[in-house]
Amino acid sequence: AQSVAQPEDQVNVAEGNPLTVKCTYSVSGNPYLFWYVQYPNRGLQFLLKYITGDNLVKGSYGFEAEFNKSQTSFHLKKPSALVSDSALYFCAVRYNAGNNRKLIWGLGTSLAVNP
Amino acid sequence: DAMVIQNPRYQVTQFGKPVTLSCSQTLNHNVMYWYQQKSSQAPKLLFHYYDKDFNNEADTPDNFQSRRPNTSFCFLDIRSPGLGDAAMYLCATSSRAGQTEAFFGQGTRLTVV
């Protein structure tokens, strides 16, 4: 079955420290991978995506993510966390299902950056 | 500038009373989506339009309907809201239902009393 996993419900980091939010997936074919961020009572904001090419992709607000095909992972990273990065982060994976394209979402990881 | 606009931001409706949520976009995107999101959970796709073609998810209840009168607007109609329908409803658009990312509105938080 196709799936996306965000193994950590919550991640806590100190401001200024590097952060990682993990995402692994299991889909057939070549996936398209996305990260979104959601602030309280807001819609989702796109951060970055991997379609093809360089495995390291850079996105908004200083975030980056590395596509690792052998480990089927797409972890979100930032070298130096800010308190304002505290939010809910979702990983999503698009794959081909016959003639349709399906998008499946991870359950989200709540990131708390402490001053 | 807002590109996907949802109105209202907060909606309170009575149990069983029909309610309509609206979404408009200035991006001229072909695809429009409606998601339901319950407290800190992942968004759940209800349906989407590819141009005028309507695509319903298999597990979307019949209580939920949608209309897309033109490229810019899309509506979510809940015919008889139940307490379990209280949620954040998110509208999103994308230029193609494939490689491109989706752009989300701010959401409408629906309360059923």
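Residues numbered from 1 in each chain as written. Chains lettered and ligands numbered in written order. Predicted model: local features only at pLDDT ≥ 70, side-chain atom pairs only at ≥ 80, totals over all residues. Heavy atoms only, no water.

### Let's talk about the overall build of chain A
Stage number 1. Check the secondary structure of chain A and you find zero helices and 12 strands.
Stage number 2. Along the chain direction, N to C, the helices and strands of chain A fall in the order β-β-β-β-β-β-β-β-β-β-β-β.
Stage number 3. Relative to the globule expectation of 13 Å for 115 residues, the C-alpha radius of gyration of chain A, 14 Å, shows essentially globular dimensions.
Stage number 4. Projected onto the principal axes, the alpha-carbon positions of chain A cover approximately 45 × 30 × 20 Å.
Stage number 5. Relative to its full complement of 115 residues, chain A shows a buried share of 46%.
Stage number 6. The contacts in chain A between residues at least 6 apart in sequence include a share of 55% that link residues at least 24 apart.
Stage number 7. Total accessible area on chain A is roughly 5700 Å²; 46% of this is exposed by carbon and sulfur atoms.
Stage number 8. Averaged over its 10 positive side-chain charges, chain A has a centre that lies 12 Å from the centre of its 7 negative ones. (Helix = DSSP H or I, 4+ residues; strand = E, 2+ residues; numbered from the N terminus. Rg over C-alpha atoms; globule rule 2.2 N^0.38 Å. Buried < 20%, exposed > 50% of the residue type's maximum accessible area, 1.4 Å probe, protein only. Contact = heavy atoms within 4.5 Å. Areas by Shrake-Rupley, 256 points an atom, 1.4 Å probe, with all protein chains shown as cover. Lys, Arg positive; Asp, Glu negative; His and termini not counted. Charge placed at Lys NZ, Arg CZ, Asp CG, Glu CD.)

### Some points on the nonpolar core
Stage number 1. Grouped together as the largest cluster of nonpolar side chains are 29 residues, with contacts concentrated most on Trp35(A), Leu47(A), Leu48(A), Phe74(A), Leu76(A) and Tyr89(A).
Stage number 2. Every element with two or more residues in this core is listed here: strand 2 (10-14), strand 3 (19-21), strand 5 (32-38), strand 6 (44-50), strand 8 (64-68), strand 9 (73-78), strand 10 (87-97) and strand 12 (109-114) of chain A.
Stage number 3. It is strand 10 of chain A that contributes the most residues to this core, five residues altogether.
Stage number 4. Not counting residues within four places of it along the chain, the set of residues in contact with Phe74(A) comprises Cys23(A), Leu33(A), Phe34(A), Trp35(A), Leu48(A), Lys49(A), Tyr50(A), Val57(A), Ala65(A), Glu66(A) and Phe67(A).
Stage number 5. Residues Ile51(A), Val31(B), Ala102(B) and Phe104(B) belong to the second largest nonpolar core, which totals 19 residues. (Core = buried A, V, L, I, M, F, W, Y, C linked by side-chain atoms within 4.5 Å.)

### What to know about the side chain of Asn63(B)
Stage number 1. Note on placement: Asn63(B) falls in the loop between strand 6 (53-56) and strand 7 (64-67).
Stage number 2. What Asn63(B) contacts, discounting residues up to four positions off in sequence, is Asp77(B), Ile78(B), Arg79(B), Ser80(B), Pro81(B) and Asp85(B).

### Regarding the state of the cysteines
Residues and elements named next belong to chain B.
Stage number 1. If you walk through the whole model with that rule in mind, you get two disulfides over all chains.
Stage number 2. One disulfide bridge connects Cys23 with Cys91, the sulfur atoms lying 2.0 Å from each other. Between Cys23 and Cys91, the S-S torsion sits near -75°, and that sign places the bridge as left-handed. Remark: Cys91 occurs in strand 9 (residues 87-94) and Cys23 occurs in strand 3 (residues 19-25); sequence separation between them is 68 residues. In this structure, Cys23 and Cys91 share a single accessibility class: buried.
Stage number 3. Here Cys74 stays unpaired: no disulfide links it, and the sulfur of Cys91, its closest cysteine neighbor, is 6.0 Å away. (Disulfide = S-S within 2.5 Å.)

### Focus on the sheet that holds strand 1 (residues 4-7) of chain B
Residues and elements named next belong to chain B.
Stage number 1. Strand order in the open sheet formed by four strands is 1-3-8-7, with antiparallel pairing between adjacent strands. On the outer flanks of this sheet lie strand 1 and strand 7, each paired with one strand and no other. For this sheet, the mean angle separating the axes of adjacent strands, direction not counted, is 20°. (Pairing = 2+ DSSP bridges. Axes fitted to C-alpha atoms, helices over the stretch in contact; angles between N-to-C directions.)

Purely spatial values, then, with no claim about function.
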